[in-house]
Protein chains: 2
Amino acid sequence: MLGGAATYISLAASFFTKPRLVGIVGDDFADEDAALLAGRGVDLEGLERVPGKTFFWAGKYSDDMNDRETLTTELNVFADFNPKLPERYRSEPYLLLGNIQPALQRSVRAQMTGLRLAGGDTMNFWIKDFRAELLETIREWDFLLINDSEARMLAGESNLRKAASTILEMGPHTLVIKRGEYGAMLFRRDSFFIVPGYLLEDVFDPTGAGDCFAGGFIGYLAEQGFDLEAGHIGRGDLSRAVIYGSVMGSFCCEQFGVERFRTLVRADVDARFDEFKKFTSF
Amino acid sequence: MLGGAATYISLAASFFTKPRLVGIVGDDFADEDAALLAGRGVDLEGLERVPGKTFFWAGKYSDDMNDRETLTTELNVFADFNPKLPERYRSEPYLLLGNIQPALQRSVRAQMTGLRLAGGDTMNFWIKDFRAELLETIREWDFLLINDSEARMLAGESNLRKAASTILEMGPHTLVIKRGEYGAMLFRRDSFFIVPGYLLEDVFDPTGAGDCFAGGFIGYLAEQGFDLEAGHIGRGDLSRAVIYGSVMGSFCCEQFGVERFRTLVRADVDARFDEFKKFTSF
């Protein structure tokens, strides 16, 4: 079924803003999948279609949904992906770079002409085997968004508070650490924010939850017109962006794949934001 | 060195109220340990001293402090412990039952004459091998305070939200689930509250942190004169009690054993409470 980082990120962000997607698919990519994205207002001009098969991943989750085993990864047309941004994408102020080879993330960022806020995700593979390339890449980012085990690996430090300090020396002024069912943390040099995870009655399928978090995070900041340079928005807005990220990640888990986003409306999103406020206030 | 549930619970509670301790030690129990407790205002009339050796436990933690291996457990005089409450303890309104055989917890509760709020802790051993006895015991409790894996085991349900609903049918109207470094949750039938764990720079020794949580929780409620019957204090106070529990658990981890409580003052406790407010508000 439809999946992938760009899909989840742009679907989640579409509840806040009009995302412009960059990605690559093969000639097997279903029209109805493109229609789902377009129907949510996602700009698909940057979706390259080439002969061949679309990237494919299959995995199996543990009973408690906290671990998963990859069964199949077929790169297919993704193997030769070299992202080229459509002209009218380049002046956008907000950029979220999905998990991909750091050099490609860097080339995408270099094509942007008026960035206000740029950042992205990465994974253990790049941290271990492409460390120098990754460090060169994230040095230019405003924020880095990774999970807790990746933060520990990147910093070479098991204590998350110390790991965060180390990572904030690598370039990004803002670090978001995703902790799966345990929630998320936001670190800046002078402050931090922690939110527990939303308590779902049923975690049906966590695939894509981290990407939906990223989409909610950047989507909310884009909607707010977040501008660090102007200095008029501070940690409060970044914290609320973490909540909206958590909200979108939690919805993602409620149904298989992208299914939940077929029926979700903005009022649901805001209602869950209010729930977060209610169960964390004291 | 000095340790044990009664020690940690009463030390933590002593920052809020004047706890009255019930326990048993051998003739090897050090005067300086009794002096530490007495110096913090803990009433030791209920501390039984008998010939023989004091209970002894030794363990080894994993590098990330999230697992521990028991090296030695010697029950010693604790094996024949049958708690008898001093007369002037019996009319106290707040009772916290540390982890011990459920039948003994039940007998202690039966000796109390004017309870406003009673509850306690238990562990996997009692849940697995003394289930009927445990269920009979907690049926009379207002609150149960256990960790997440124990909650799952007790309910026979891996989803914590569902597990909480099941446990709230067993008697206690309030359930507190401790999640170690990930914080704590409070469940009542009509609402729940979740707080992330405090981010320590160094987790020096987590031994006793769960008991310190319990001591902070009940200590704060005792200090407030918490009275469910009167209906004048609701979830808000229980949530703040969870924060004070988290605060005391976090201090406990900062030094070896009970060391941190030699220098800690109430102002430190309230300052950390304010920190919790700051890093969780949005």
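Just above, that's the structure.
Since this is a predicted model, take the numbers as computed values, not measurements.

1. Structural notes on the overall build of chain A
Assigned secondary structure in chain A consists of 11 helices and 10 strands. On C-alpha atoms alone, chain A measures out to a radius of gyration of 18 Å, which is about the 19 Å that the 2.2 N^0.38 rule sets for 282 residues. C-alpha atoms of chain A, sized along the principal axes, occupy 50 × 40 × 35 Å. Split into buried and exposed, the 282 residues of chain A put 52% on the buried side. Once local pairs closer than 6 in sequence are excluded, the contacts in chain A between residues at least 24 apart make up 61%. Carbon and sulfur atoms make up 49% of the accessible area of chain A, which amounts to about 12100 Å² in all.

2. A closer look at the packing of aromatic side chains
Using the criterion set out here, one finds 35 aromatic pairs over all chains in the structure. Between A:Phe125 and A:Trp126, the ring centres sit 4.8 Å apart and the planes meet at 65°, which makes this aromatic pair edge-to-face. Relative accessible area serves as the criterion here: at 38%, A:Phe125 is assigned to the partly exposed category. Exposure remark for A:Trp126: the relative accessible area of 11% places this residue in the buried category. Members of the aromatic cluster, joined through ring pairs, are A:Phe16, A:Phe193, A:Tyr220, A:Tyr244, A:Phe273 and B:Phe282. The cationic tip of A:Arg272 hangs over the ring face of A:Phe251; the distance from NZ or CZ to the ring centre is 3.9 Å.

3. Regarding the relation of the copies chain A and chain B
Mapping chain A onto chain B is achieved by rotating through 180° and translating by 0.0 Å along the same axis, at an RMSD of 0.0 Å. The operation mapping one copy onto its partner corresponds to a two-fold rotation axis. Judged by C-alpha distance, A:Pro196 is the residue of chain A that lies nearest the rotation axis, at 2.7 Å. Comparing interface residues between copies, 100% of those in chain A also lie at the interface in chain B; the contact surface is shared.

4. A few points about the interface of chain A and chain B
Contacts between chain A and chain B engage 32 residues on the former and 32 residues on the latter. Taken over both partners, the interface formed by chain A and chain B buries close to 3200 Å², and the fraction arising from carbon and sulfur atoms is 56%. In this structure, the connection of chain A to chain B is made through two salt bridges. Between A:Asp202 and B:Lys162 there is a salt bridge, with its nearest N and O atoms 3.0 Å apart. Taken together, chain A and chain B are joined by 12 residue pairs in polar contact (both at pLDDT 80 or more). Listing elements by their share of the side of chain A that touches chain B, those giving two or more residues are α6 (148–155), α7 (160–168), β9 (184–188), β10 (191–195), α9 (235–252) and α11 (266–280) of chain A. Element by element, the count of residues in the side of chain A that touches chain B is highest for α11(A), at six residues. Residue classes in the side of chain A that touches chain B are distributed as 15 nonpolar, five polar and 12 charged.

5. Description of the side chain of B:Thr174
Residue and element names in this part refer to chain B. Along the chain, Thr-174 turns up in strand β8 (residues 174–178). Given a relative accessible area of 1%, Thr-174 falls into the buried group. If sequence neighbours within four positions are ignored, Thr-174 has contacts with Asp-142, Phe-143, Leu-144, Leu-168, Leu-186, Phe-187, Arg-188 and Leu-238.

6. Observations regarding the sheet that holds β9(A)
Residue and element names in this part refer to chain A. One open sheet holds the six strands; their spatial order is β5-β6-β7-β8-β9-β10, and the pairing between them is mixed. Single-partner strands in this sheet number two, and they are β5 (94–97) and β10. For this sheet the average axis-to-axis angle between neighbouring strands, irrespective of direction, equals 15°. The sheet contact formed by β5 and strand β6 (residues 117–120) spans four bridges and is parallel. The partner of Leu-95 across the bridge, within β6, is Ala-118. Against the sheet, α7 touches β7 (143–147), β8 (174–178), β9 and β10, its axis set at about 45° to β9. Contacts between helix α8 (residues 209–224) and the sheet are confined to β5, β6, β7, β8 and β9, with β5 contributing the most and set at about 170° to the helix.

7. Re the side chain of B:Ser191
Along the polypeptide, B:Ser191 turns up in strand β10 (residues 191–195). According to the relative accessible area criterion, B:Ser191 is buried, its value standing at 16%.

8. What about helix α9 (residues 235–252) of chain B?
Helix length check: α9(B) (18 residues) gives 26 Å between terminal C-alpha atoms against 26 Å at 1.5 Å per residue, within 8%. Extensive coverage of α9(B) is indicated by the burial of 16 of its 18 residues.

9. Quick word on the pattern of salt bridges
Pairs can form between side chains of opposite charge whenever their charged atoms are close. Residues and elements named next belong to chain A. Scanning the entire structure with this criterion turns up 34 salt bridges over all chains. In this structure, Asp-43 engages Arg-20 in a salt bridge whose closest nitrogen and oxygen atoms are separated by 3.3 Å. Of this pair, Asp-43 sits in strand β2 (residues 43–49) while Arg-20 sits in strand β1 (residues 20–25); the two residues are 23 residues apart in sequence, bridging distant segments of the chain. Relative accessible area serves as the criterion here: at 15%, Asp-43 is assigned to the buried category. The salt bridge involving Glu-223 is made with Arg-266; its shortest N-O contact spans 2.8 Å. Here the residue Glu-223 occupies a position in helix α8, and Arg-266 occupies one in helix α11, the gap between them amounting to 43 residues. Glu-223 sits in the partly exposed class, given a relative accessible area of 34%. The network of salt bridges with common partners includes Arg-20, Asp-43, Glu-45, Arg-88 and Glu-92.

The rules behind each value
Residues numbered from 1 in each chain as written. Chains lettered and ligands numbered in written order. Predicted model: local features only at pLDDT ≥ 70, side-chain atom pairs only at ≥ 80, totals over all residues. Heavy atoms only, no water. Helix = DSSP H or I, 4+ residues; strand = E, 2+ residues; numbered from the N terminus. Rg over C-alpha atoms; globule rule 2.2 N^0.38 Å. Buried < 20%, exposed > 50% of the residue type's maximum accessible area, 1.4 Å probe, protein only. Contact = heavy atoms within 4.5 Å. Areas by Shrake-Rupley, 256 points an atom, 1.4 Å probe, with all protein chains shown as cover. Phe/Tyr/Trp six-rings, centres within 6.5 Å; stacked < 30°, edge-to-face > 60°. Lys NZ or Arg CZ within 6 Å of the ring centre and 35° of its normal. Least-squares fit on C-alpha atoms with pLDDT ≥ 70 in both. Buried area = accessible area lost by both parts, 1.4 Å probe. Salt bridge = Lys/Arg side-chain N within 4 Å of Asp/Glu carboxyl O. Polar contact = N/O pair within 3.5 Å; in protein donor to acceptor, adjacent residues only side chain to side chain. Nonpolar A, V, L, I, M, F, W, Y, C, P; charged D, E, K, R; others polar. Pairing = 2+ DSSP bridges. Axes fitted to C-alpha atoms, helices over the stretch in contact; angles between N-to-C directions. Expected span 1.5 Å × (residues − 1).

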